[in-house]
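Each chain, letter by letter, is given below.
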Amino acid sequence: MDARTFGGFVAACRREKGMTQAELAEKLHVTDKAVSRWERGVGFPDIATLEPLAAALEVSVLELMKSERIEAAHLGQEEAAGVVLDTLDVAKDQRQRERRNVLALLGGVAVADLVILLLDNLEWQGGALFIWGAGVAFPLFCLSGALALLGMGVWQLVNGRPWRRSILISAGLLLLLILLFVSILLAGALGLGPVPA
């Protein structure tokens, strides 16, 4: 499936229905920038958006994926299977790209956090490494990683890209941070940790 051909088909169908990009975007709950990207052939919509997009344009999902009008009588089973496989390939590529972006962002945040903290604290002492890791590095990683992923999720949402995974991982990192602080406070209350009761 070619992005430019797909985009041209979407634009033609939208104009045929007398809709603006903003009106189509509103129907799909995406931004008009996302619709513009699709129509310019810069990217594809999220796989979950294909069915609502086809419904808004009053075409079948198969026509949308093939980027041309199809008469039901002329559609062969092999041709339909090929279009479905192309769609699945696009979805797989989107998931892999998103996964790589999340891992690269988290890796970059972790390295930046470690470098900053190591430059700040060059003198190591016996048990300080554990305290430093659990009390400083891990919470800093969770907080900065969550904020970075939240920003990335908002950017993805605005640009019509899959965003839910970034937001969910961001929420998971914040939950880890909260659990760490609760466990430290609980350990202190029980007299097991460095926090006084």
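Here, every reference points to the structure presented above.
Notes on the structure follow.

Calculation criteria
Residues numbered from 1 in each chain as written. Predicted model: local features only at pLDDT ≥ 70, side-chain atom pairs only at ≥ 80, totals over all residues. Heavy atoms only, no water. Patch = residues over 30% accessible without salt bridge, like charges linked within 9 Å, V, L, I, M, F, W, Y side chains within 5 Å. Areas by Shrake-Rupley, 256 points an atom, 1.4 Å probe, with all protein chains shown as cover. Salt bridge = Lys/Arg side-chain N within 4 Å of Asp/Glu carboxyl O. Lys, Arg positive; Asp, Glu negative; His and termini not counted. Charge placed at Lys NZ, Arg CZ, Asp CG, Glu CD. Helix = DSSP H or I, 4+ residues; strand = E, 2+ residues; numbered from the N terminus. Buried < 20%, exposed > 50% of the residue type's maximum accessible area, 1.4 Å probe, protein only. Expected span 1.5 Å × (residues − 1). Axes fitted to C-alpha atoms, helices over the stretch in contact; angles between N-to-C directions. Parallel < 35°, antiparallel > 145°, perpendicular 65-115°, else oblique. Left-handed = near helix turned anticlockwise from the far one by under 90°. Contact = heavy atoms within 4.5 Å. Nonpolar A, V, L, I, M, F, W, Y, C, P; charged D, E, K, R; others polar. Polar contact = N/O pair within 3.5 Å; in protein donor to acceptor, adjacent residues only side chain to side chain. Core = buried A, V, L, I, M, F, W, Y, C linked by side-chain atoms within 4.5 Å.

## A look at a positive patch on the surface
And step 1. A surface patch of like charges, here positive, comprises Lys92, Arg95, Arg99 and Arg165.
And step 2. Take the positive patch: its biggest share by element is 3 residues, from helix 6 (residues 77-120).
And step 3. Its location among the elements puts arginine 95 in helix 6.
And step 4. With a relative accessible area of 38%, arginine 95 lands in the partly exposed category.

## Section: helix 8 (residues 164-189)
Each α-helix winds once per 3.6 residues, and so residues spaced three or four apart point in a common direction.
And step 1. In this model, helix 8 (26 residues) spans 37 Å end to end at C-alpha, consistent with the 38 Å of a helix rising 1.5 Å per residue.
And step 2. Along helix 8, the positions that sit buried rather than exposed are Ser166, Ser170, Leu173, Leu177, Leu180 and Gly188.

## Here's the deal with the packing of helix 2 (residues 21-28) against helix 3 (residues 32-39)
And step 1. Their axes nearest at 8 Å, the elements helix 2 and helix 3 cross at an angle of 110 degrees. With respect to their mutual orientation, helix 2 and helix 3 come out roughly perpendicular. Where helix 2 crosses over helix 3, the two elements pack in a sense that is right-handed. Residue-level contacts link Gln21, Ala22, Leu24, Ala25 and Leu28 of helix 2 to Asp32, Val35, Ser36, Trp38 and Glu39 of helix 3.
And step 2. Residue composition of the contact of helix 2 with helix 3, by class: 6 nonpolar, 2 polar and 2 charged.

## Points about the side chain of threonine 49
And step 1. Here threonine 49 lies in the loop between helix 3 and helix 4 (50-57).
And step 2. Apart from the residues within four sequence positions on either side, threonine 49 is in contact with Leu28 and Trp38.

## Focus: the side chain of glutamate 63
And step 1. Structurally, the position occupied by glutamate 63 is in helix 5 (residues 61-66).
And step 2. One polar contact links the side chain of glutamate 63 to the main-chain amide nitrogen of serine 60, over a distance of 2.9 Å.
And step 3. Setting aside anything within four residues of it in sequence, one finds glutamate 63 in contact with Phe9, Glu68, Arg69 and Ile70.

## Description of the packing of helix 1 (residues 3-16) against helix 4
And step 1. At a closest axis distance of 9 Å, the pairing of helix 1 and helix 4 adopts a crossing angle of 40 degrees. Compared by their axis directions, helix 1 and helix 4 come out oblique. Counting all contacts with helix 1, which are made through Phe6, Val10, Cys13 and Arg14, the residues of helix 4 involved are Leu50, Leu53 and Leu57.
And step 2. Grouping the constituent residues of the contact of helix 1 with helix 4 by class yields 6 nonpolar, no polar and 1 charged.

## Thoughts on the nonpolar core
Nonpolar side chains in soluble globular proteins generally cluster together in the buried interior.
And step 1. Counting residues in hydrophobic clusters, the biggest one holds 19 residues, and the most contacted among them are Val10, Leu24, Leu53, Leu57, Val59 and Leu64.
And step 2. Ranked by residues supplied to this core, first place goes to helix 4 with 5 residues.
And step 3. Not counting residues within four places of it along the chain, the set of residues in contact with leucine 57 comprises Val10, Cys13, Arg14, Lys17, Met19, Leu24 and Leu64.

## What to know about the pattern of salt bridges
Proximity of charged atoms lets side chains of opposite charge pair with each other.
And step 1. Counted under the stated rule, the structure contains 4 salt bridges.
And step 2. With a shortest N-O distance of 2.6 Å, glutamate 39 and arginine 14 are connected by a salt bridge. With glutamate 39 in helix 3 and arginine 14 in helix 1, the pair connects residues that are 25 residues apart, well separated along the chain.
And step 3. Relative accessible area serves as the criterion here: at 13%, glutamate 39 is assigned to the buried category.
And step 4. One salt bridge in this structure joins arginine 69 and glutamate 16, with 2.6 Å as the shortest N-O distance. Residue arginine 69 is located in the loop between helix 5 and helix 6, and its partner glutamate 16 is located in helix 1; the two are separated by 53 residues in the primary sequence.
And step 5. Accessibility expressed as a relative area gives 40% for arginine 69, which makes it partly exposed.

## Examining unusual backbone geometry
Leaving glycine out, the prevailing phi sign among residues is negative, and the prevailing peptide bond configuration is trans.
And step 1. Positive phi outside glycine occurs at histidine 29, with the angle close to 60 degrees.
And step 2. A relative accessible area of 71% means that histidine 29 is categorised as exposed.
And step 3. Even without being glycine, glutamate 58 reaches a positive phi, approximately 60 degrees.
And step 4. Here glutamate 58 lies in the loop between helix 4 and helix 5.

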